[in-house]
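# Observations on the three-dimensional arrangement
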Amino acid sequence: MVGTAPLTTPWTNWAGNQRGSATAILRPGSPGDVAEAVKSAAATGGRIRVAGSGHSFTAIALADDRRMELSALDTAVHVDTDRRLVTVPAGMTLNALNDLLARHGLALPNLGDIDAQTVAGAISTGTHGTGAAYGCLSTFVEAITLVTGTGEVLHCSADENPDVFAAARVSLGALGVLVEVTLRCVDAFVLHAHERPAGLAEVLGDLPTLIGGHDHVEFYWFPYTERVQVKTNDRAPADDRPLPRWRGWLDDDFLANTVFAGACRIGRAVPALAPGISAVSARALTERRYTGRSDRVFCTPRRVRFVEMEYGLPREALPEALGALQRIVDGLPFKVLFPVEVRFTAADDIWLSHGYGRDSAYIAVHQYVGMPYEPYFRAFEEVAAGLGGRPHWGKLHYRDAGSLATAYPRFADFQSLRDRLDPDRVFTNPHLTHILGA
């Protein structure tokens with residue numbers, strides 16, 4: 001039976017910028033419970049939104065009727081080490097998934113920089129890492145089980161319901177409730193990480209060589225400076241240069257979280273100090289090399305709260321976009337306290353993936369909580385949209401269905417499939433109506 005409970009505490013996302021209340025909380029224990037809850041909602045004109053770990057900055061997970069949580073969903077975990085396939089409940093977190101895979105000598109080929117999201121939430125919003133040969137995490141999906149808006153339980157793969165599979169791997173939760181996901185993995189591997197300071201012009205001038213010469217490349221530009229921090233991760237034969245525990249604590253816990261949080265609080269209280277703080281931060285980061293288990297190198301703790309916008313751009317548009325962003329930052333009536341993150345992904349064929357049909361460069365802009373951000377984000381969005389950019393579905397943006405339809409070649413196909421799978425719009429909310437249409 002599906003568990004229900006009256007709402008006792010309003011729901012808030014990780015950043016604290018999205019808050020909402022639901023009429024009831026649904027905690028299904030099985031796919032059958034999910035189907036029962038969906039049929040009940042459809043029969044009464046109700047609506048359901050699934051909430052994962054709350055790591056989206058948009059209102060995508062806000063429920064104005066019933067909120068569904070998948071933490072109690074019990075589907076069998078199956079690991080096929082010979083075929084390198086794992087099937088898990090959609091409500092499992094990436095952190096738990098990474099540990100499960102490690103115990104079986106497996107790993108995901110790529111990851112983003114946090115692992116707190118649920119599997120369903122990560123793939124539904126197009127979560128990605130960086131690496132010129134790798135698409136978003138949804139490209140690792142081999143099969144899904146989905147409960148549609150009519151309560152039908154659909155099994156989807158490239159061979160079974162292939163049109164649903166092509167859309168539902170990045171679906172924004174608009175096509176149904178993901179209850180089970182099968183992922184293609186690789187043998188467990190070690191990464192060699194190299195982090196170093198550099199000049200922005202130097203990095204942009206050597207970008208093709210940099211991207212082509214490493215498995216995974218990203219860099220952070222520090223506003224009001226010409227400095228960046230470059231990070232490359234490459235497969236290594238052995239974990240022979242582990243980061244000392246004290247150094248990991250110093251860099252990733254104390255400096256990147258405790259000290260940085262303090263600097264942001266000072267910058268928020270005295271904005272005129274922000275350029276100096278950014279310059280000191282850029283100079284304080286020194287070079288380091290180390291090896292480690294892949295997921296522990298990819299993912300790092302993030303305790304300093306912020307809001308974020310991220311755009312996927314045609315890779316060749318990156319220099320123009322960054323140049324415009326520098327001018328935007330310099331002209332703002334307030335200061336920016338967070339560095340700008342740049343990553344790279346390969347093209348894919350998932351209908352609403354940001355990387356559909358093209359190799360991409362991603363630019364992510366952030367602002368510390370409590371600081372003004374909308375003029376900054378809107379100005380960058382105008383530049384990014386003009387360059388053919390597509391907004392990350394889990395990050396703040398101001399696009400609507402009309403403008404998004406021109407950015408995604410399969411947008412109309414997705415809308416038609418949504419009409420078929422969720423004709424009564426059980427899985428909508430005001431945010432989805434705005435970005436996908438009624």
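For the structure itself, look to the data block above.
Figured I'd write up the structure that's included with this text. (Residues numbered from 1 in each chain as written. Predicted model: local features only at pLDDT ≥ 70, side-chain atom pairs only at ≥ 80, totals over all residues. Heavy atoms only, no water.)

### Topic: the pattern of salt bridges
The cut-off we apply is this: Throughout this description, the term salt bridge denotes a Lys or Arg side-chain nitrogen within 4 Å of a carboxyl oxygen of Asp or Glu. Starting at the N terminus, helices and strands are each numbered in turn, a helix being any DSSP run of H or I of at least four residues and a strand any DSSP run of E of at least two. Buried, partly exposed and exposed residues are distinguished by accessible area as a fraction of the type maximum, computed with a 1.4 Å probe on protein chains only: under 20%, between the cut-offs, and over 50%, respectively.
Scanning the model with the defined rule gives 22 salt bridges in all. Where Glu69 meets Arg27, a salt bridge forms, and the shortest distance between an N and an O atom there is 3.2 Å. Of this pair, Glu69 sits in strand E6 (residues 66-69) while Arg27 sits in strand E4 (residues 24-27), and the two are 42 residues apart along the sequence. What makes Arg27 partly exposed here is its relative accessible area of 35%. Here Glu308 ties to Lys395 by a salt bridge, and the two come within 3.0 Å at their closest N and O atoms. Of this pair, Glu308 sits in strand E18 (residues 306-314) while Lys395 is found in the loop between strand E21 (390-391) and helix H12 (401-405), placing the two residues 87 residues apart along the sequence. The pair formed by Glu308 and Lys395 is uniform in burial state, with each residue classed as buried. One network of salt bridges, in which partners are shared, links Glu308, Glu310, Glu341, Arg343 and Lys395.

### A look at the sheet that holds strand E11 (residues 153-157)
Which entries qualify depends on this criterion: Paired strands, in this sense, are two strands between which DSSP finds at least two bridges. Each axis is a line fitted through C-alpha atoms, taken for helices only over the stretch in contact, and angles between the N-to-C directions span 0 to 180 degrees.
Read from one edge to the other, the open sheet built from 5 strands follows the order E7-E8-E12-E10-E11, with strand pairing classed as antiparallel. One side of each edge strand has no neighbouring strand; the edge strands of this open sheet are strand E7 (78-80) and E11. Each strand of the sheet is rotated relative to its neighbour by a mean of 15 degrees, with strand direction disregarded. Where strand E8 (residues 85-89) meets strand E12 (residues 177-184), 5 bridges bridge the pair, whose relative direction is antiparallel. Counted as the bridge partner of Thr87 is Thr182 from E12.

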